[in-house]
Amino acid sequence: GAVVSQHPSRVICKSGTSVKIECRSLDFQATTMFWYRQFPKKSLMLMATSNEGSKATYEQGVEKDKFLINHASLTLSTLTVTSAHPEDSSFYICSAFLTGNNEQFFGPGTRLTVL
Amino acid sequence: QKEVEQDPGPLSVPEGAIVSLNCTYSNSAFQYFMWYRQYSRKGPELLMYTYSSGNKEDGRFTAQVDKSSKYISLFIRDSQPSDSATYLCAMSVGAAGNKLTFGGGTRVLVKP
């Protein structure tokens with residue numbers, strides 16, 4: 001149990017386009033999901049905390065208008081990278097918090113490449 | 001100074017050896033300490049979860065937390081080639097449902 005999926009697993013887009021990444025908790029409901037960014041050989045940096053039915057909380061330095069987060073249901077959160085640029089190329093990972101286990105379960109990640 | 005420091009490695013050990021990993025941190029408010037394993041191009045997987053100071057053992061894995069020194073460790077006994085991965089420490093002020101602060105990760109290579 002406690003599986004988190006992400007879609008797509010890999011995406012390549014042109015500079016200036018927008019890309020949507022989905023994060024789903026497959027077998028549990030998650031009122032809280034998190035979005036992280038990971039550069040090669042670097043650690044995960046929290047971008048924002050997504051709460052179902054309310055606005056996301058962004059970490060300092062993360063542009064909320066560029067990284068749009070929507071947590072529309074208890075099993076789905078989406079991250080949209082708007083007007084993507086090459087410097088947005090990275091590995092984006094989401095996690096979903098399972099209250100009963102007091103644990104965050106991570107998705108497999110989405111590799112974004114902006115040309 | 002980063003909040004959580006972790007040697008990036010790589011740490012290369014022969015199969016069967018003990019792998020010793022550690023992290024130091026600066027925020028004394030951290031109460032929850034976790035170790036994750038991450039294979040290349042995959043999401044992190046929780047290995048150990050410890051609250052406050054003390055030791056915790058789970059199979060081949062032992063986690064230690066010394067809050068007085070702001071130092072945590074993970075030991076892997078009887079290491080296997082399948083243990084080759086990047087190991088990330090993470091910590092939070094509140095429970096695991098709150099913001100996690102990660103170390104940079106240590107890459108481990110267990111050679112057959």
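Structural notes, computed from the coordinates.

Analysis parameters
- Residues numbered from 1 in each chain as written.
- Chains lettered and ligands numbered in written order.
- Predicted model: local features only at pLDDT ≥ 70, side-chain atom pairs only at ≥ 80, totals over all residues.
- Heavy atoms only, no water.
- Salt bridge = Lys/Arg side-chain N within 4 Å of Asp/Glu carboxyl O.
- Helix = DSSP H or I, 4+ residues; strand = E, 2+ residues; numbered from the N terminus.
- Buried < 20%, exposed > 50% of the residue type's maximum accessible area, 1.4 Å probe, protein only.
- Polar contact = N/O pair within 3.5 Å; in protein donor to acceptor, adjacent residues only side chain to side chain.
- Pairing = 2+ DSSP bridges.

**Considering the pattern of salt bridges**
Right, so step 1: Taken as a whole and judged by the stated rule, the model has six salt bridges over all chains.
Right, so step 2: Of the charged contacts, one joins A:Arg24 and A:Glu22 as a salt bridge, the two residues approaching to 3.4 Å between their closest N and O atoms.
Right, so step 3: A salt bridge links A:Glu59 to B:Lys99; the nearest nitrogen and oxygen atoms lie 2.8 Å apart. In this pair, A:Glu59 sits in the loop between β6 (57–58) and β7 (67–73) while B:Lys99 sits in the loop between β9 (85–92) and β10 (101–102), so the two residues belong to two different chains.
Right, so step 4: Look at B:Lys99 and you get partly exposed, because its relative accessible area is 39%.

**Brief notes about the side chain of B:Thr62**
Residues and elements named next belong to chain B.
Right, so step 1: Tracing the backbone through its elements, the reader meets Thr62 in strand β7 (residues 61–66).
Right, so step 2: You can call Thr62 buried: its relative accessible area is 10%.
Right, so step 3: Separated by 2.7 Å, the side chains of Thr62 and Arg77 make a polar contact.

**Digging into the pairing of β7(B)**
All names here are of chain B.
Right, so step 1: Where strand β6 (residues 54–58) and β7 come together, five bridges link them in antiparallel fashion. Directly across from Lys56, in β7, lies its bridge partner Ala63.
Right, so step 2: Connecting β6 to the antiparallel partner β7 that follows it, the hairpin turn spans two residues, and Gly59 within it adopts a positive phi of roughly 65°.
Right, so step 3: Direction of pairing for β7 relative to strand β8 (residues 71–76): antiparallel, over a ladder of six bridges. Residue Thr62 lies in a different strand from β8, and its bridge partner there is Phe75.
Right, so step 4: The antiparallel hairpin formed by β7 and β8 contains four residues in its connecting segment, where Lys70 sits at a positive phi of about 55°.

The quantities given are spatial measurements derived from coordinates; they are silent on function.
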